[in-house]
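A closer look at the structure
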Amino acid sequence: MGTAALVLGAGMVGTCTALHLQSKGYNVTLVDRREPGQETSHGNAGLIQRESVEPYAFPRDLGHLFSAALRLGADVHWHPQGLWQMARPLWRYYRHSHPAAHARAAQAYSRLIAHALDEHAPLITATQSNDLVTRDGFRFVFRTQRALDEGLQRARRLQADFGVRHRAESPAELAQAEPALRQPLAGAIHWLDPWAVSDPGTLVARYAQLFVARGGRIVQGDATTLQARGPAWSVHTPHEGQLEAPIAVLALGPWSAAVVQRLGYRMPLFIKRGYHQHYQGGATLRQPVLDAERGYVLAPMRRGLRLTTGAEFAPIGAPPTPVQVAKAERLARELLDLGQALPEAPWLGARPCAADILPVMGPAPRHPGLWFNFGHGHQGFTLGPVAGRLLAELIHSERPWVDPQPYSPARFV
Ligand SMILES: Cc1cc2nc3c(=O)[nH]c(=O)nc-3n(C[C@H](O)[C@H](O)[C@H](O)COP(=O)(O)OP(=O)(O)OC[C@H]3O[C@@H](n4cnc5c(N)ncnc54)[C@H](O)[C@@H]3O)c2cc1C
């Protein structure tokens, strides 16, 4: 039997961490209060975003800031309490979004994103999940020529700097590719490399089943009960009592901040909440589409067309305020026949973010045996397998295939 390890949190990040540790011979127990893949990793837009080499920056131009401050657009919403609670990390996020700092972050971020497809591929094969995955990229569609020109300029830069492939599409080419979209539109950027998953939560659940089939254990339990007991880490579970292991990994996505704070770390973590709603009975899309000037995504999913919203700055437990869904729905109806919303409340989740726009992956600075793997922001679904591999290599004292230094938790201490 290998060394015991507890992985707390069975989203995309925790599940992939468990799989990678298991592949190195660890005796891994994956602990979650729910079934695997039921939270943020379920509710996202399902994109494995090979194109997203630049992490999402805080908007800095006055037009965007003005619109966000007045909550005019569909892309940003905020609760006063959320801004107040997150003021310090948000201020740092704003500073790290300065073009020079952002370019440095992109260098590190792109090195992770570069491996996203290669790391998902064997898991998709091993779980026979090709039925959930299309490999035809996705589109940014533009309403105005000026925005399209700016988008294309950026796409050419990403191609030159990071090898991200795209194709510019005229309105006629776009109409042929996505006949459901109403014209006139100025055109589109078709990112050629990303993959789209039609049921993100099920993909995580299948990765978790693979972990069990290979001998892993999934146990229901509450990660907030985590405590050090001598050289071991211990967590309480209702059905199996105290579980103990010399190694514990915190992969609690947007809930990581509270546990980390309880352990005495002051890290600039914050969340961006987001909603989704499904629509049926209207037109459908062949691939996901970002309405680039309005800030929401439409993704064809098993349950219908999934509309996902931008960022809402609000406390994680605050009641839902799905005004962005209503705004985005109105905008989406301009683009296509959306059909009817399924009769259920919009889903609400939260992107786990760190102020310097990079994930937090590595050893807990002051707690031997404890490891962090969270803060993957807008791309945690994309990055789960990469994050899992990187952390498992660090825990196993191997030299990781990606330089881990930029993501080290020690950068905040
Ligand atoms: C609207 C929206 C759209 C998005 N679209 C995309 C996209 O297209 N592509 C992409 O790559 N990313 C996307 N993201 C981001 C992505 O979904 C997240 O970064 C990712 O899911 C985070 O994964 P995770 O495993 O860290 O967290 P989670 O999936 O949230 O997993 C954390 C787990 O911890 C468990 N947990 C929490 N607290 C406890 C506790 N006390 N005890 C036990 N267990 C606990 C939870 O039950 C959960 O299973 C989107 C996010 C949103 C909100």
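For the structure, check the block above.
Described in the following lines is the structure provided in the data block. (Residues numbered from 1 in each chain as written. Predicted model: local features only at pLDDT ≥ 70, side-chain atom pairs only at ≥ 80, totals over all residues. Heavy atoms only, no water.)

Side note on the overall build of the chain
Regarding its fold elements, the chain presents 13 helices and 23 strands. If one aligns the C-alpha atoms of the chain with their principal axes, the spans along those axes are about 65 × 45 × 45 Å. Looking at the chain as a whole, 58% of its 413 residues are labelled buried. Sequence separation of at least 24 residues holds for 76% of the intrachain contacts in the chain that already meet a minimum separation of 6. (Helix = DSSP H or I, 4+ residues; strand = E, 2+ residues; numbered from the N terminus. Buried < 20%, exposed > 50% of the residue type's maximum accessible area, 1.4 Å probe, protein only. Contact = heavy atoms within 4.5 Å.)

Overview of the site of the ligand
Of all residues adjacent to the ligand, which total 33 residues, the nearest are Asp 32, Thr 40, Ser 41, Ala 223 and Thr 382. One of the side-chain N or O atoms of Asp 222 is found 3.0 Å from a nitrogen atom in the ligand. Residue Ala 223 places a main-chain N or O atom 2.8 Å away from a nitrogen atom belonging to the ligand. Relative to its unbound accessible surface of 1,000 Å², the ligand loses 98% to contact with the protein. A total of three residues in the shell around the ligand trace back to one element, the largest contributor, which is helix α13 (residues 380–395). Its residues assigned to classes, the shell around the ligand comprises twelve nonpolar, 16 polar and five charged. (Near = heavy atom within 4 Å. Polar contact = N/O pair within 3.5 Å; in protein donor to acceptor, adjacent residues only side chain to side chain. Areas by Shrake-Rupley, 256 points an atom, 1.4 Å probe, with all protein chains shown as cover. Nonpolar A, V, L, I, M, F, W, Y, C, P; charged D, E, K, R; others polar.)

Describing the pattern of salt bridges
Within the structure shown, the criterion is met by 23 salt bridges. Linking Arg 34 and Glu 39 is a salt bridge whose minimum nitrogen-to-oxygen distance equals 3.0 Å. By relative accessible area, Arg 34 is classed as partly exposed at 38%. A residue is classified by how much of its surface remains accessible, and Glu 39, at 24% relative accessible area, is partly exposed. The partner of Glu 334 in a salt bridge is Arg 143, with the nearest N and O atoms 2.5 Å apart. Of the two residues, Glu 334 is situated in helix α12 (residues 323–335) and Arg 143 in the loop between β6 (138–142) and α8 (145–162); the sequence distance between them amounts to 191 residues. (Salt bridge = Lys/Arg side-chain N within 4 Å of Asp/Glu carboxyl O.)

Structural notes on the packing of helix α1 (residues 12–23) against α13
With their axes 7 Å apart at the nearest point, α1 and α13 run at an angle of 35° to one another. Once α1 is placed against α13, the crossing between them reads as right-handed. Mapping the contact onto sequence places Met 12, Val 13, Cys 16, Thr 17, His 20 and Leu 21 in α1 and Gly 380, Phe 381, Gly 384, Pro 385, Ala 387, Gly 388, Arg 389, Leu 391, Ala 392 and Ile 395 in α13. Considered class by class, the residues forming the contact of α1 with α13 number ten nonpolar, five polar and one charged. (Axes fitted to C-alpha atoms, helices over the stretch in contact; angles between N-to-C directions. Left-handed = near helix turned anticlockwise from the far one by under 90°.)

Description of a positive patch on the surface
Among the surface-exposed residues, Arg 88, Arg 92, Arg 95 and Arg 266 lie close enough to one another that they form a single positively charged patch. Residue classification places Arg 88 among the exposed positions, given a relative accessible area of 64%. (Patch = residues over 30% accessible without salt bridge, like charges linked within 9 Å, V, L, I, M, F, W, Y side chains within 5 Å. Lys, Arg positive; Asp, Glu negative; His and termini not counted. Charge placed at Lys NZ, Arg CZ, Asp CG, Glu CD.)

Comments concerning the sheet that holds strand β1 (residues 4–8)
Read across the sheet, six strands follow the order β10-β2-β1-β14-β23-β22 without closing on themselves; strand pairing throughout is mixed. Of all strands in the sheet, those bounded by a partner on one side alone are β10 (217–220) and β22 (360–363). On average, each strand axis in the sheet is tilted by 20° relative to the strand beside it, whichever way the strands run. As paired strands, β22 and strand β23 (residues 370–374) are joined by four bridges and run antiparallel to one another. Directly across from Val 360, in β23, lies its bridge partner Phe 374. Running over the sheet, helix α10 (residues 200–213) touches β2 (27–32) and β10 and is turned about 115° from β10. Where α13 meets the sheet, it contacts β14 (247–250), β22 and β23, and its direction lies at approximately 165° from that of β23. (Pairing = 2+ DSSP bridges.)

Focus: the state of the cysteines
Such a bond, covalent and formed between the sulfur atoms of two cysteines, is termed a disulfide. Within this structure, the stated rule accounts for zero disulfides. Considering cysteine sulfurs only, Cys 353 is the nearest to Cys 16, which forms no disulfide, with 19 Å between them. For Cys 353, a relative accessible area of 8% translates into the label buried. (Disulfide = S-S within 2.5 Å.)

Brief notes about the sheet that holds strand β11 (residues 227–229)
Read across the open sheet, the three strands follow the order β11-β12-β13; overall the sheet is antiparallel. Looking at the sheet topology across the chains shown, the edges are occupied by β11 and β13 (241–245). Averaged over all neighbouring strand pairs, the angle between strand axes comes to 40°, with direction disregarded. Sheet topology note: the β11/strand β12 (residues 232–237) ladder contains three bridges and is antiparallel. Each residue of the ladder has a partner; that of Gln 227, found in β12, is Ser 234.

Structural notes on α12
End to end, α12 covers 19 Å across 13 residues, agreeing with the expected 18 Å (1.5 Å per residue, within 8%). Listed in full, the buried residues belonging to α12 are Gln 324, Val 325, Ala 328, Leu 331, Ala 332 and Leu 335. Summarising the axial view, the buried residues of α12 lie within an arc of 130°, below the 170-degree limit, and thus occupy one face. (Expected span 1.5 Å × (residues − 1). Arc of directions from axis to C-beta.)

Thoughts on the packing of aromatic side chains
Counted under the stated rule, the structure contains eight aromatic pairs. An angle of 75° between the planes, with centres 5.4 Å apart, marks the rings of Phe 58 and Tyr 93 as edge-to-face. Placement of the pair is Phe 58 in the loop between β3 (47–48) and α3 (62–69) and Tyr 93 in helix α5 (residues 87–96), with a sequence separation of 35 residues. Here Phe 58 and Tyr 93 have matching classes, each one buried. Aromatic pair Phe 138 and Phe 140: ring centres 5.7 Å apart, planes at 70°, arrangement edge-to-face. Of the two residues examined, Phe 138 and Phe 140, each falls in the buried class. Among the aromatic residues, those joined into a ring-pair cluster are Phe 58, Trp 91, Tyr 93, Tyr 94 and Phe 270. The cationic tip of Arg 33 hangs over the ring face of Trp 255; the distance from NZ or CZ to the ring centre is 4.7 Å. (Phe/Tyr/Trp six-rings, centres within 6.5 Å; stacked < 30°, edge-to-face > 60°. Lys NZ or Arg CZ within 6 Å of the ring centre and 35° of its normal.)

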